[in-house]
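# Survey of secondary and tertiary structure
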Amino acid sequence: MIKLAGGKVYDPANGVDGRIMDLYIKDGQLVAASAVDKVQQVIDLSGRIVMPGGIDIHTHIGGGKVSIARLLMAEDHNAHVTGADDLLRSGSGAIAPSSFITGYRYAEMGYTACFEPAMMPVNARQSHLEMADTPMLDTGAYVLLGNDDFLLRLLQQKKDQQLINDYVAWMIRATRALGVKVVNPGGISAFKFNQRKLDLDERNKYYGLTPRDVLSPLLEALDTLGVPHPLHVHACNLGVPGNFQTTLDTIAAAEGRPMHVTHVQFHSYGQEGDRKFSSAAAPIAEAVNRHKNLSIDVGQIMFGQTVTASADTMLQYKGHIHAHPHKWTCMDIECEAGCGVVPFRYRDKNFVNALQWCIGLEIFLLTDDPWRVFLTTDHPNGAPFTSYPHLIKLLMDRSFRNDVLGTINPAAAGASTLGSIEREYSLYEIAVITRAAPARSLGLQDLGHLGNGATADITVYQPDDDIETMFAHPQYVFKRGEMCVRNGRVCAIPTTSTHVVEPDCDPGIERSLKRYFDRYMSMNLENFKISREELEGYNQHSLLVHDCR
Amino acid sequence: MTATVTCPFCSLLCDDLSVRASGSGLTVSANACQRARQGFGLPAPATEARIAGVVAPLERAVTRAAQLLQKSRKALLGGLGTDVNGLRAALRLAERTDAALWHEQEPYARQNLKALQSRGGIMTTLGEVKNRADTVLFIGNNVTDNHPRFIERCINPAHALFAGKHRKLGYLGKPGRTELADCEGHELVTLTDQGNGLANHLALLRAALTQPQWLAAAELPAPKRNKLKQLVDMVGNAQYGALVWSPAALPQDQADLIIHACLDLLRDLNVKQRFAGLSLGGNNGGVSWQSVATWQTGFPAGVNFTNGRPSANGVQAADADCLLWVSGFNRQPPPALAVPTIILSPHQAGASAADVYLPTGVPGIDHGGNLFRTDGVIALPLQKLRDRGAPSAAEVIEQIVERL
Ligand code: SF4
Ligand SMILES: [Zn+2]
């Protein structure tokens, strides 16, 4: 039994806003003082800041596209190599680091759970294998649907919603997912038919379906199945000037059903001004504020070299002209989805990039309910996850923010309202957007808070004049009650879990799927499914099944 | 028994086989090619470990292997014919012993990798070719030789979602006899050349495709011009085309050039239409090696550890002072190096000459696991089909690591 004594605790899920209190850990869980029989160890946390472990709701850490990114970013891997020691495995890369390094760096930043947002069904096995080799972190993934031929045919044939629900549930179970993501609904498929753009109400020329036709039944399915995390939506027209209208239309298309719109920064572009590129953060933030059914993550960009990796081949192909260095990969995958990987350098002196930076921050600052806003850079698309402490400083420190604003492309700075926004995030709000809110959205009842019964995933910070330093180097991180980071360095490798849901589905769906697999897929249905034993065998990972509503 | 056995003997990983025990081996009764029949038919693994050719308890042999590796300063873990778990273990061992790793398919894979790392590619998968590609252009000679059921599964499937029964096929190079037979019923245009070389032909085709006026003006013999014209029309009319090559089937002195040219051609074509590449390669765990090495170390090939730090400096077998050879899928003996040699294999090829021989099972026969398919996206589970007590390479390597 461990007593964490006298820390200043930020635990928004329990309404605790900077209260000095003691925490007790027993068998990996937080318990009430009254449940304590004998304290073996007291750790004095007076003067320290205590939060639940960080949770990243959208980070590309597992699966084929990350590895393609690693392959393309050879220079970055050559330049950043880390050796092994008695405790730690080796690896390389700062932008899309290799798997062990990813786990260590996240933990050293106080994060204890990360979720891969775009797990292609046929690539699920690889995603889980990679995540099993990503230490320190609990993981989970959202299975990618909405460009898969089987589903598009069901929709084309106007099949009963019940059948769609069964299919979605079956896919979640077969691939061991925690949620469902849709990327450019029907658009990845359309690209394979040589369509180069697809608006919300434009038809995929083979199936005759519009993105709206695909979105709606998927929203319905997740709602009906009671999957805690709502449909995770990467809308159409990613990165296209003027796309904010599509985003507003997409929000309206949800018709009040729960929906998560991801990396919304990339979908908040107007086309005003001489350069036909402007910020539409204000109308987007206003829509987010008004639609309580909605949550977002921002997908903030940061200046510097990164690599973008997305299932959205249609838009990634279009974006390849901006590739830096000039190499890029697109892949069509199994009549199911695709992937596009384009290295990119965001430049602070470039008008568009500088304005993208402003737009992300404007969204953070103009949305008024932090419980529906999650902190992400869409790692590595907007920036590597290691830039989070810097991002937090931008959110918390207006004068710092305005200093940086003064150094970027002046036309962009002038075109943005950022300089006039006074808001500064509080520590409490940071704890919401990096812990409590993502946990609540994902239905992780035992994570993201420090109440009794919670998993003892805890981060302890040493206050610093520079808030970036504080967030970059936590003093302690506890995973399931075990101290695994001390003074900003990994000191133990804890056991971790894969988080999944298992919504009910009519087993009858498997008969139609079996027929479909036998005819069209290039693998057997039995081999497509990932069994619990298989997953747990990858790395003695335990599977945590969360309840559906 | 339903036919869901995954075949580990080439990177197509067909998983529609059915297999039954017969004598000391296994017999495949459905859907296997010759290569698979041969693989499944190999005798069951040896059960006895050896030290310097003499039968020894496994424990002692493992300890001896650990000693040799510990003493070495530049060990080479070679062959790497094993599954995902075997590769994960090998990386662990290399990290602990500052060893280098080298997969037997790497000389071919490297050509692909070099091109992909310098340019990137527009690629596709088996399922897309099967269902969507109405046009397929093969680049090389006997392109599918080491992937025998490619044409059966992807060009002649019984059912396809989009592509019709009859496909348009082009062959830049020389098709093999079985390939020709398998392609019967499809329109096939071959541009085979005795002298000029494949790279040259590819350049001609690229020029003809990107600059239509060039072809009319070019000084070419009429038959060649006609063939090129046919290929240009075929490619231009494709709804969805696939360009298929196999690094191992390319003339090795031109492979680099040819693969670059393929990727460039794909970039050109995709400006107006959809066309994507598929590389057939990475047998014997080669694709798995590239995948696991990439996610664990950040480097896809030629991984080399010094002081536990990975690099992609490549590997000189001649520099090695100790060789650990893993060959789970075939009887390939280790290269003859005058250094202490440890063999992990079901088969005893070279075992009597080795310092240590550690018997292991065949992945997908003696133990389960995972392998990655040639398109690099799909990992398939392997099944355990018999129980003769043969451990996996992963288990044996982990035992070695424990004794370091
Ligand atoms: S083609 Fe390859 S995977 Fe398929 S049966 Fe033959 S050897 Fe096995
Ligand atoms: Zn993303």
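Small disclaimer: the values here were computed from a predicted structure and weren't measured.

Let us now look at the nonpolar core. Counting residues in each nonpolar core, the largest one holds 309 residues, and the members touching the most others are Trp-357 of chain A together with Phe-40 and Phe-150 of chain B. Three or more residues apiece are contributed to this core by two domains, here domain 1 (45–105 + 284–402) and domain 2 (108–279) of chain B. Membership of the second largest hydrophobic core comes to 18 residues, among which are Leu-30, Val-50, Leu-450 and Phe-478 of chain A.

Here we come to helix α1 (residues 64–72) of chain A. Each α-helix winds once per 3.6 residues, and so residues spaced three or four apart point in a common direction. With respect to burial, α1 of chain A is a largely interior element, nine of its nine residues being buried. Every buried residue of α1 of chain A is listed here: Gly-64, Lys-65, Val-66, Ser-67, Ile-68, Ala-69, Arg-70, Leu-71 and Leu-72 of chain A.

A separate point is the site of ligand 1. Surrounding ligand 1, one finds Cys-7, Phe-9, Cys-10, Leu-12, Leu-13, Cys-14, Cys-33, Arg-35, Ala-36, Pro-148 and Arg-149 of chain B. For the shell around ligand 1, a count of residues per class yields nine nonpolar, no polar and two charged.

All names here are of chain A. Taken together, the protein ligands of the zinc ion (ligand 2) are His-58 (NE2), His-60 (NE2) and Asp-378 (OD), with distances of 2.0 to 2.1 Å. Read from N- to C-terminus, the donor residues coordinating the zinc ion (ligand 2) fall into the pattern H-x1-H-x317-D. Taken together, the positions of His-58 in the loop between β6 (54–56) and α1 and Asp-378 in the loop between β20 (373–374) and α13 (388–396) put the pair 320 residues apart, joining distant regions of the chain. Using a relative accessible area of 0% as the deciding quantity, one classes His-58 as buried. Overall, the relative accessible area of 2% leaves Asp-378 in the buried class.

Attention now goes to the pattern of salt bridges. Residue and element names in this part refer to chain A. Considering all chains together, one arrives at 46 salt bridges over all chains under this definition. Between Asp-223 and Arg-549 there is a salt bridge; the shortest N-O distance is 3.3 Å. Residue Asp-223 is located in helix α8 (residues 211–225), and its partner Arg-549 is located in the segment after β26 (542–546); the two are separated by 326 residues in the primary sequence. Classification of Asp-223 as partly exposed rests on a relative accessible area of 30%.

Definitions and cut-offs
- Residues numbered from 1 in each chain as written.
- Chains lettered and ligands numbered in written order.
- Predicted model: local features only at pLDDT ≥ 70, side-chain atom pairs only at ≥ 80, totals over all residues.
- Heavy atoms only, no water.
- Core = buried A, V, L, I, M, F, W, Y, C linked by side-chain atoms within 4.5 Å.
- Buried < 20%, exposed > 50% of the residue type's maximum accessible area, 1.4 Å probe, protein only.
- Domains from an automatic or database assignment.
- Helix = DSSP H or I, 4+ residues; strand = E, 2+ residues; numbered from the N terminus.
- Near = heavy atom within 4 Å.
- Nonpolar A, V, L, I, M, F, W, Y, C, P; charged D, E, K, R; others polar.
- Donors = N, O, S within 2.8 Å, 3.2 Å for Na, K, Ca; no water.
- Salt bridge = Lys/Arg side-chain N within 4 Å of Asp/Glu carboxyl O.

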